[in-house]
Amino acid sequence: MLRVAEMIRHKLAEMLTRGEIHDDVLASHVVTIPEVRISPDLKIATAYVMPLGGKDTETVLKALEKHRKFIRAEIAHTLNLKYAPDIRFREDETFEEVSRIDALLYSDKVRRDVEKK
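The following refers to the structure shown. (Residues numbered from 1 in each chain as written. Predicted model: local features only at pLDDT ≥ 70, side-chain atom pairs only at ≥ 80, totals over all residues. Heavy atoms only, no water.)

**Description of the side chain of D92**
Along the chain, D92 falls in the loop between β3 (86–91) and α5 (94–105). Among the polar contacts made by the side chain of D92, one reaches the side chain of T94 at a distance of 2.7 Å. Setting aside anything within four residues of it in sequence, one finds D92 in contact with P34, Y48, V49 and M50. (Helix = DSSP H or I, 4+ residues; strand = E, 2+ residues; numbered from the N terminus. Polar contact = N/O pair within 3.5 Å; in protein donor to acceptor, adjacent residues only side chain to side chain. Contact = heavy atoms within 4.5 Å.)

**What to know about the sheet that holds strand β1 (residues 31–38)**
In space, the three strands of this open sheet follow the order β1-β2-β3, with mixed pairing throughout. Looking at the sheet topology across the chains shown, the edges are occupied by β1 and β3. Across the sheet, the axes of successive neighbouring strands diverge by a mean angle of 30 degrees, strand direction being ignored. Across six bridges, strand β2 (residues 44–51) lies against β3 in parallel orientation. (Pairing = 2+ DSSP bridges. Axes fitted to C-alpha atoms, helices over the stretch in contact; angles between N-to-C directions.)

**A closer look at the packing of helix α1 (residues 2–18) against helix α4 (residues 68–79)**
At a minimum axis separation of 10 Å, α1 and α4 run at an interaxial angle of 125 degrees. Here α1 is positioned oblique relative to α4, judged by the angle of their axes. As α1 runs across α4, the sense of the crossing is right-handed. Contacts from V4, M7, I8, K11, L12 and M15 in α1 reach F70, I71, E74, I75, T78 and L79 in α4. Classifying every residue of the contact of α1 with α4 gives nine nonpolar, one polar and two charged. (Parallel < 35°, antiparallel > 145°, perpendicular 65-115°, else oblique. Left-handed = near helix turned anticlockwise from the far one by under 90°. Nonpolar A, V, L, I, M, F, W, Y, C, P; charged D, E, K, R; others polar.)

**Thoughts on the pattern of salt bridges**
Here the structure, examined in full by the defined rule, presents nine salt bridges. Of the charged contacts in the structure, one is a salt bridge between E65 and R68, with a shortest N-O distance of 2.9 Å. Residues joined in a network through salt bridges with shared partners are K11, E14, R18 and E20. (Salt bridge = Lys/Arg side-chain N within 4 Å of Asp/Glu carboxyl O.)

Next comes the structure, spelled out in structure tokens:
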């Protein structure tokens, strides 16, 4: 499962880098795919997407959804699986979670407890 998910991630990143998906929104944004998760039966792949700077996430997700069939066909052609997985695009919330945890760690309450000796 991990190998297939990583192959899908690489193919998506390659398609976005080379401009194989012809869309004005995607052409004007630098999009990263930090993670792809796939279901145990290999039929559903969830790609977590983040535009550089975290701006216009909704428009990028809509553009990717619009070209979902093309992306699925390209991935199926590349991976040579029995079934091509259905691709779903979600916003990557990892950076927000890291920021939230950093804010908690650097809060006065936590700093006061850590600095006690």
